Amino acid sequence: MDAIKAVNIFKGRKKVITWILAAIVLFTIAGFFIVPPVLRLVLIKILSENLHRNVTIEKVQLNPLSLSLGIKGFKIMERDSRDTFVSFEELYINIQSASILRRGIVIKEARLYKPYINIIYNGNRSYNFSDLLKKETSAPEAVSEPLKFSLNNISISNGSVDFSDTPKKKVHTVRDIRTDIPFISNLPYYAETYIQPVFEARFNDTPVSLKGRSKPFADSLQTTIDLRLNGLDIPYYLAYLPVDLDFSLSSAKMDAALEVSFIQYTNADNRQTIGINGPLTLKEIRTAGKNGDPLVNIPRLDIFIATTDVMSRKLHLTKVLLEAPEVNVLRSADGTLNLQAFMPRVNTGSPAAGNTPQAPPLQISIDEIGINDGRVLFKDKSASEPVSLKAGGLRLRASGISTAKDAKGRLSLAFNVQRKGSVLAEGDVTVYPLAAQIKIKVKGLAINPLQAYFTDVIKILVADGAILADGELLLHESKDQNVVVEYKGSASLVRFAALDRESAEDFLKWESLYFGGMDIVTSPLSIKINEIALSDFYSRLIVYPDGSLNVQNIFSAEEAADEKSGDQQASGKGAAVSENKGGRVVKIGKVTLQGGTVNFTDKHIQPGYSANLLDIGGRVSGLSSDEDKFADVSLRGNLDNYAPLEISGKINPLMKDLYVDLAIDFKNIDLSPATPYSGKYAGYTVEKGKLTLNMKYLIADKRLDAGNRILLDQFTFGEKVDSPDATKLPVRFAIALLKDRNGIIDLDIPVTGKLDDPDFHIGSVIIRILVNLLVKATTSPFALIGSLFGGGEELSYLEFDYGLADIKDDGIKKLDTLIKALYERPLLKLEIAGCADAENDMEGLRQHLFERKIKAEKLKELIKKGEQAVPVDDVSIGQEEYGKYLKMAYRNDKFPKPRNLIGMLKDLPPEEMEKLMLTHMEIKDDDLRALASQRAAQVKDYILKSGKVEPERIFLVDSRTIQQEKGAGKKASRVEFTIK
C-alpha cells in the first residue's frame, strides 16, 4: 500500500511539474514571440487615440526571463502634419524581480538612445503640445500613498531638442544630449542616499554640462549641481527678457563653472537656502545705443562667486576683474546721457498699500576688484561746440567693497587724460552709508578742451592751461541724506593763457595760480584757503573808440543782462541776500601777487595812448566773510618801469556790503605820454611834467569818502591843440600861477557820495579840479618866478653834500637863476635859512673830520720834508698810501685803544681802525648849527658877489637842524629861500 501510495504521489507531482514546465515554455514563447507584436499594436492604438497624433513603433522586444523590455523606432507625429513631434531610436528597461519583495518598482537599468523632441511656440502661450495639457474635469481622486520605486543605471544618449519660437522667428537647438543617473529611489531606506545625475548637451552649439548630487525624496531635498557653460551666446537669448532694453547687445559670450546647491530645513521656519559659487566669465561684450553708437565694450569680465546663499539676499564675490574696458559717454544736445540706457525703467504705478512688502536690499560684498587698461571716451553735444575728452590707461584696484552698513573698503585708481594729464586716487570708501576718504593727485590736466563750456559766457579763447592738485577728498551723507563733499589740500592752474576772441590779442595769462591749505565743504558752503599765489601774470586792458572796455565785451550780452537783473533783485531783497550770504563761510589767509603786468591801451582818443603797469606784486591777508574781519592789502608796482605804485589798506569784499579802506600812491608819473588826453580836454600838448597821486578811499555802508591828493611836478603845457572838447579856461595861466616854489602843483580833491545813488558820478570832481587850479595859482608866487626865469626849476632851496658847506656846480646854476629873478624883481626880498640834516649831516661831519685827520698826518710829513704848507682840505692821499696815514692818525688820535698783554697797541685791520676812530668822534648840535650857518653865509656871499642884488634885500634868518622828511623830494642838508 505504501508503494502504491508513493507511486500515486509521484504521478501527481510529475503532472504538476509538467504543467509548470509547460507554463514556463508557454510564458517564454509568449514573452518572446507573441506579446511584443501585440504590445506594439496596443501601444500604437492607445497612444494615437490619447495623443490625437499618429504614433509609430518599429519593434517591441520583451525578454520574460530577464524581465527586460525594448522599444525601437518610436515616433509621435505632429497633430496636423507628418513632421516628427517626439521620437527615439531605442528604449531599454530592465526590471528586477526584487520589486515584489520591496513593494515597489525596482529598475535595474533604463537606456534611452537618440531621443528627439520638436517644440513649437505659436505665441499667446500656445505650443504644439498645448492640447495635451488640457485635462477633463472630474471628481478629485482619493489621496493614496505614492508608488515606491528604485531606478538604477538610467541613461539618455545622443538626444536632440528643436525649439521654434514663431513670434520671435528664432530656432533653438539642443544636441548631443547625454544624461546619466546612476540611482534614484523614494524607498524609505534610500531617502538619505545621494543621487548623482550627469547631464551634458550642446545648446545652440554651446557646450553645457551639469553634474550633481541630490536627495530628492529626503525632507531636506538637499541638492548640489555643477553647471558648466562654454561660450554661451547671450545676445541670442535677449529676446526672452521680460522687459525691453534701451540698448543693444551685439556680442557677449559666457563661460561658467558654477556649483548650485539647495537645502530645505525642517525646523519651525521651514527655511530654504540656495547656494551658488564658482567662476563666471563674460567675453567680447559689445553694447550700443539704439542709434548704433557704441556704449560699453569689455573684452573680458571675470567674476568669482564665493559660496553665497541667494535666499538671504547676500552676494559674496571674491574677485571681479575687467580687462581693457571701453566706456563711451555721450551727452546729447538736450543734456541726457547715453549711459541712462542701462538704467532700469521706473514703474510709475502706485502699488496698493499693504499688498507689496518691501524685500530687504541685496547685500553685495566684493573682496577684490581690478580694472586694467580701461578707457573712457566722453563727448558732450550740449555745449556750443562739441567737447571731446579721453581718459586712458585706467587702472583700478579695490578691496573689501561691500554694501553692508559701515563696511570700509580700499580703493586705488589711476588714469591719464588726453595722454598728458594724470589722475591718481587712493583711499578708503564706504558704500552704505556713502563715505570716502581719498587722496588725490592731479598733474597736467589741460583745460583748453573745456573751452566750449564757457565760450557762451565769456568771449575768450583759452590757448593753454593745466590743473595740478594734491589733496584729500572726503565724502559723507548728511542727516538729510545729501552727499557732502570736502576737499583738503592744494591746487594750481599753471601756464594759463587766454585770448580776446574777437581781436585775437592776449587778454589774460599767468605762469601759476596756486591755492594752498584749501578746506572746501559743499554743504553748508565753507571755503577756507590759507594761501593764494598768482605769479608772472599779464592782463590786457583796452578802451575802444566807442568808449567801451574790452573787459565789458568779454562777457556775453545775456550774461551781462543776468548780472544786472540779479543786482536789481538783490537791491530789492536785501534781507534775503544777507541771509543767503550769512550761511556761507569764506576765509582766505593770504593772497600773494608777484611779477604782474597790466598793458593799457586807449583807442578812444587820437592819437592813442598806451602804458604798462609792471612788476605788480604784494599781498592781501585775512580775507573773511565775517562782518567784523578786514583784510590787509599791500600792493606795489611801477608804471613803465619808473613810476612806483603802492596800494595799502583794508578791505572786505565778502561782506554783505563792500568795505574798502585803501590808500593808493602813484609816484613820478611822466606826463608827456598823456599828451592825447591834455590835447583833447585842455587844448594843449604836455611838454613835460611828473605826477604823484595820493588817494584814500573809504567805502562803508554803500558810502564813498575819498581823498585825492595830486602833485604835479614841473608840469608844462606845450603846443596848442584844436579840440572841440577842450575847456575855455586859461589853463596855461592857471598852471603857471599854481606852481609852488618847488615847481609843484599840490591839489587836494575830496569826493563823497552814496554808491547806490544813480545821480552820483565823477563829473563834479573834474570841475573841482579846475576851480582849485585857479584858486591856488595866486598862492604860489615863488613858483611863478621860477617858471618865468628858469623854466620851472626849483628855486626855493639849495642842496649841499652831507657835512659840507661848499656850493656844488648845479647849485651855482640855480643861484644864477635866482639872481636873475631877483635882478628882474627889485621889490622882492630874499630870506636865506641854512639847514642841517640832523642825521645825515652829523654823519657827514664825522666822515669829513675823519678824512681831515688822515690828511693832517700827511701834511705834517710834507712839512717835515720842507715842503710848503697848504690847507689840509687840499691834501690828497692816494690809495697805496692810505693805510700808512690811517695807522698814523689812529695812533695819534686821543681815545682808548685795544692793547696786547704787554701793554702795546694792537695792530688792527684798516676797517677796525676806521670803525674805532669814527665811533669816538664827537659831533655836537653846535657843530650842525655852525654848518647850517656856514651854508647860508656861502650862498649870501655868492649872491652879493654877483653885484646884481643889493645887500639890503638879502636877510639871513636863524639856521636850524631838521630831520629828513620821508618822501619830501629834497635833502634836509640845504639852504632855503623865501620871497617877501
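Scroll up for the structure.
Since we're looking at a predicted model, the values are computed, not measured.

Core analysis: the biggest nonpolar cluster contains 98 residues, and L301 and I651 have the highest contact counts within it. Ignoring sequence-local partners within four residues, the contact set of I651 consists of V620, L623, F630, A631, V633, Y659, V660 and L662. If you look at the next biggest cluster of nonpolar residues, it comprises 17 residues, including L798, L818, L830 and I954.

Turning our attention to the packing of aromatic side chains. This model, assessed by the stated rule, comprises nine aromatic pairs. For the pair F74 and F88, a centre-to-centre distance of 4.7 Å together with 10 degrees between the ring planes defines the contact as stacked. Here F74 is found in strand β2 (residues 68–77), whereas its partner F88 is found in strand β3 (residues 84–95), with 14 residues between them in sequence. Of the residues examined, F74 reaches a relative accessible area of 9% and is grouped as buried. The exposure class of F88 is buried, given its relative accessible area of 12%. When the centroid spacing of 4.7 Å and the interplanar angle of 50 degrees are considered together, the rings of F247 and F342 count as tilted.

The next subject is the pairing of strand β13 (residues 272–289). The sheet contact formed by β13 and strand β14 (residues 294–309) spans eleven bridges and is antiparallel. Pairing of I285 across the sheet is with I298, part of β14. Between the end of β13 and the start of β14, which pair antiparallel, lie four residues, with G292 showing a positive phi angle near 95 degrees.

Pairing is mixed across the open sheet formed by four strands, whose spatial order is β34-β37-β35-β36. Edge positions in the open sheet fall to β34 (797–799) and β36 (954–962), since each of these has one partner strand only. Strand after strand, the sheet turns through a mean of 20 degrees between neighbouring axes, direction not considered. In the sheet, β34 pairs with strand β37 (residues 974–979) via three bridges, with the strands oriented antiparallel. Its bridge partner being in β37, L798 is matched across the sheet by V975. Sitting on the sheet, helix α10 (residues 809–824) is in contact with β34, β35 (830–837) and β37, with an inclination near 165 degrees to β34. The strands touched by helix α14 (residues 925–945) are β34, β35, β36 and β37; relative to β35, the strand with the most contacts, the crossing angle is about 145 degrees.

The next point concerns the packing of helix α11 (residues 840–864) against α14. In helix packing, the relevant descriptors are the interaxial angle and the interaxial distance, both defined with respect to the helix axes. Taken N-terminus to C-terminus, the directions of α11 and α14 make an angle of 95 degrees; their axes are 10 Å apart at the nearest point. In this view, α11 runs roughly perpendicular relative to α14, as classed from their interaxial angle. Judged by residue contacts, D841, M842 and L845 of α11 engage D925, D927, L928, L931 and R935 from α14. Along the lines of polarity and charge, the residues of the contact of α11 with α14 split into four nonpolar, no polar and four charged.

Moving on, we come to α11. The terminal C-alpha atoms of α11, which comprises 25 residues, lie 36 Å apart, in line with the 36 Å expected from a rise of 1.5 Å per residue. At its buried positions, α11 is contacted by β35, α12 (879–892), α13 (910–919) and α14.

This part takes up the side chain of D162. Relative to the helices and strands, D162 resides in strand β7 (residues 149–165). Looking at D162, its side chain comes within polar contact range of the side chain of Y116, at 2.8 Å. Excluding its chain neighbours within four sequence positions, the residues that come into contact with D162 are Y116, I117, N118, I119, H172, T173 and R175.

Rules used throughout
- Residues numbered from 1 in each chain as written.
- Predicted model: local features only at pLDDT ≥ 70, side-chain atom pairs only at ≥ 80, totals over all residues.
- Heavy atoms only, no water.
- Core = buried A, V, L, I, M, F, W, Y, C linked by side-chain atoms within 4.5 Å.
- Buried < 20%, exposed > 50% of the residue type's maximum accessible area, 1.4 Å probe, protein only.
- Contact = heavy atoms within 4.5 Å.
- Phe/Tyr/Trp six-rings, centres within 6.5 Å; stacked < 30°, edge-to-face > 60°.
- Helix = DSSP H or I, 4+ residues; strand = E, 2+ residues; numbered from the N terminus.
- Pairing = 2+ DSSP bridges.
- Axes fitted to C-alpha atoms, helices over the stretch in contact; angles between N-to-C directions.
- Parallel < 35°, antiparallel > 145°, perpendicular 65-115°, else oblique.
- Nonpolar A, V, L, I, M, F, W, Y, C, P; charged D, E, K, R; others polar.
- Expected span 1.5 Å × (residues − 1).
- Polar contact = N/O pair within 3.5 Å; in protein donor to acceptor, adjacent residues only side chain to side chain.

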